[in-house]
Amino acid sequence: MKTIIEPFRIKSVEPIYFTTETQRQQKLKEVGSNLFGLKGDDVIIDLLTDSGTSAMSAKQWAGIMEGDESYAGSRSFYRFEAMVKKITGLQYVIPTHQGRAAEKILFSIIGGEGVIIPNNTHFDTTRANIEFSGAKAIDLLNAQGKIPDLIAYFKGNMDTAKLDAFLLENASKVPLVMLTITNNSGGGQPVAMQNIKDVKAICDKYQKPLFLDACRFAENAYFIKTREAGYENKSILEICQEMFSYADGMTMSAKKDALVNIGGFLALNNTELAQKCRNVLVVTEGFPTYGGLAGRDLEAIAQGLEEILDENYLQYRIRTIEYLGDKLVKAGVPLILPTGGHAVYLDASKFCPHIPSHEFPGQAIACALYLKGGIRACEIGSVMFGKTDENGEPIAPDLELVRLAIPRRVYTQSHIDYVAEVIIEVYEEREKLKGYKITHEPPMLRHFTAEFEEIA
Ligand code: F0G
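Quick look at the structure, then.

## Some points on the state of the cysteines
Logical step 1: Summed over the entire model, instances satisfying the criterion amount to 0 disulfides.
Logical step 2: With no disulfide of its own, Cys215 lies 14 Å from the sulfur of Cys240, the closest cysteine sulfur.

What follows is the structure, encoded as C-alpha cells:
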C-alpha cells in the first residue's frame, strides 16, 4: 500500500488547549519573545524539541511499575546494561540523568585548557561542556552538509581530509574524535557507514579513540539501510551493531532514540577512563548502577531501546518528516533537503532575505509561527550559535535555521497537515516579518533565556 500508517494505536490522550492570535500576542510579549519562556499549555503544537517528548508505549509504562528501585545492583540496571551492550558492544555502561550529564563527566576528565575536540558538528550542550572545561570544540562537517538545498544522501558526514590534516597538526591536543549521528545542528542529516569507517581509520592512524554522540542512532541506521549500498538487507540491529563496532565510546541522550522522557548514558571500552568516569558519576549523579536515574527509568530505557529498532516504526518516523517537507517544498518554502531524521529545518536566510543575520531571521520566523498557529519551533542560527569578534561585531554561523522537531509517536498526520498550513501561510506573508534585537542575554547558552524585541 502507498499509505504509511502510524504503527501504533492510541490508548491514552491528553488535551491540546487552543488560544487565539490576540492571546498569543500577549503571551509572546510577556516572555520577551523567547519561545522557551512560554508555558506548554499555551502552545498548540509543540515542535520545540524531539527530546524527552516521546509517547511511551504500554510496555514502557508497564516497565515503570516493574522497575527495581534497589540503590545498588538494581535488576532494571542489568536489563538496561544488557540492552545497551547488545546494540553497541561497548563494555562499560554508565547511566546518567540525560545526555549532557554524560558529556559533562567525559569532558571534565578529558577536556581542559589546550585540548581540542573535533566533531562533524557539535550540538550546543556538547560544545558548551567542552568549552566550560576550558577546551575548544571544532566542527569539520563535509562541504555538502553546508549547502541547505543540495540533495545528497549523507550530509552529516565528517570531512575526512580535513580531519586528517587537522590531526597531523594537532594530534597531541586531541584526546578523542566525535561524530554526531544524526547531525542535529546540521539538519538531522545522517552519517554514512563508510564515513564512520573512514573516520575510524584516521583515528587509528593517530591512535585516537572515536566517540559517537549517538542520540539518534536508530534514525541514522534507517538512513544507512535505505540509502547506502550493501545495507538494504541488513536488520536495523545489525546496522547499529556495525556502526558502534567502529566506536570506542559514546554519549547518549535516551530522551531521543530510547523513547523516554528522561535519561542518558555514557558507554566506553577503556577501563581506566571508565573508572575515572564512574568516580565523577558517584559525586555528581549517583551510584554506578543507577547514575542519575530511578530503576523505573532504566527499565523504560531498556524497553525503548528494543522498540526503536523496529523497522516499521522507523519507516513511519522518517516518512513523517519527509511528508511535512514535501508539502513545504511544493509551496516553495526553503528548507534543508533532503529532510533529516527528526525535524524539518527551514532555511531562514532564504525565507527572509530582507532580515540580516544580526537581526535574527530565524527568531522572526519562529515568533511568527507561534503567533499564526500556536506552533513552537526552535531557532538554530545566530541566536543559538552567534558569536562576536574582538570588536563586538557579530559573526554569523554557517546557517540560519528554524527547526521543527517532531516528538516521537505524539502527533498524527492531521497535526502535521496543520503545521504545514501554518508555515505556508507565514511564508506567503514573509515580507511583513521584521528582525529582532536582544534586550537581555546570559553568558552561556543564551537561546534559553535571552529576551528580544521586534525592530520597529
Ligand atoms: N547531543 C545531541 C546531538 C543532542 O541533540 C542533544 C540534545 C544532546 C547531545 C544533549 O542531550 O538534552 O539529554 O542533555 N538535544 C535536544 C534537542 C535538547 O532539542 O535537540 P540531553
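## As for the pattern of salt bridges
Logical step 1: Under the defined criterion, the tally for this structure stands at 29 salt bridges.
Logical step 2: Glu131 is the partner of Arg127 in a salt bridge, and the nearest nitrogen-oxygen pair spans 3.3 Å. Residue Arg127 and its partner Glu131 are both found in helix α5 (residues 124-132); the two are separated by 4 residues, about one turn of the helix.
Logical step 3: Residue class for Glu131 comes out partly exposed when judged on its relative accessible area of 34%.
Logical step 4: The salt bridge involving Glu131 is made with Lys387; its shortest N-O contact spans 3.8 Å. Of this pair, Glu131 sits in helix α5 while Lys387 sits in strand β12 (residues 387-388); the two residues are 256 residues apart in sequence, bridging distant segments of the chain.
Logical step 5: Here Lys387 falls in the partly exposed class, since its relative accessible area comes to 45%.
Logical step 6: When salt bridges with common partners are traced through the structure, they connect Asp50, Arg216, Glu219, Asp257, Arg317 and Arg408 into a single cluster.

## Here's the deal with the packing of helix α3 (residues 75-88) against helix α11 (residues 295-307)
Logical step 1: It is at 8 Å that the axes of α3 and α11 come closest, and there the two elements cross at 30°. Here α3 lies roughly parallel to α11, going by the angle between them. Every pair of crossing elements has a handedness; the one defined by α3 and α11 is left-handed. Taking contact as the criterion, the partners of Ser76, Phe77, Arg79, Phe80, Met83, Val84 and Ile87 in α3 are, on α11, Gly295, Leu298, Glu299, Ile301, Ala302, Gln303, Leu305 and Glu306.
Logical step 2: Class assignment of the residues belonging to the contact of α3 with α11 gives a composition of 9 nonpolar, 3 polar and 3 charged.

The rules behind each value
Residues numbered from 1 in each chain as written. Predicted model: local features only at pLDDT ≥ 70, side-chain atom pairs only at ≥ 80, totals over all residues. Heavy atoms only, no water. Disulfide = S-S within 2.5 Å. Salt bridge = Lys/Arg side-chain N within 4 Å of Asp/Glu carboxyl O. Helix = DSSP H or I, 4+ residues; strand = E, 2+ residues; numbered from the N terminus. Buried < 20%, exposed > 50% of the residue type's maximum accessible area, 1.4 Å probe, protein only. Axes fitted to C-alpha atoms, helices over the stretch in contact; angles between N-to-C directions. Parallel < 35°, antiparallel > 145°, perpendicular 65-115°, else oblique. Left-handed = near helix turned anticlockwise from the far one by under 90°. Contact = heavy atoms within 4.5 Å. Nonpolar A, V, L, I, M, F, W, Y, C, P; charged D, E, K, R; others polar.

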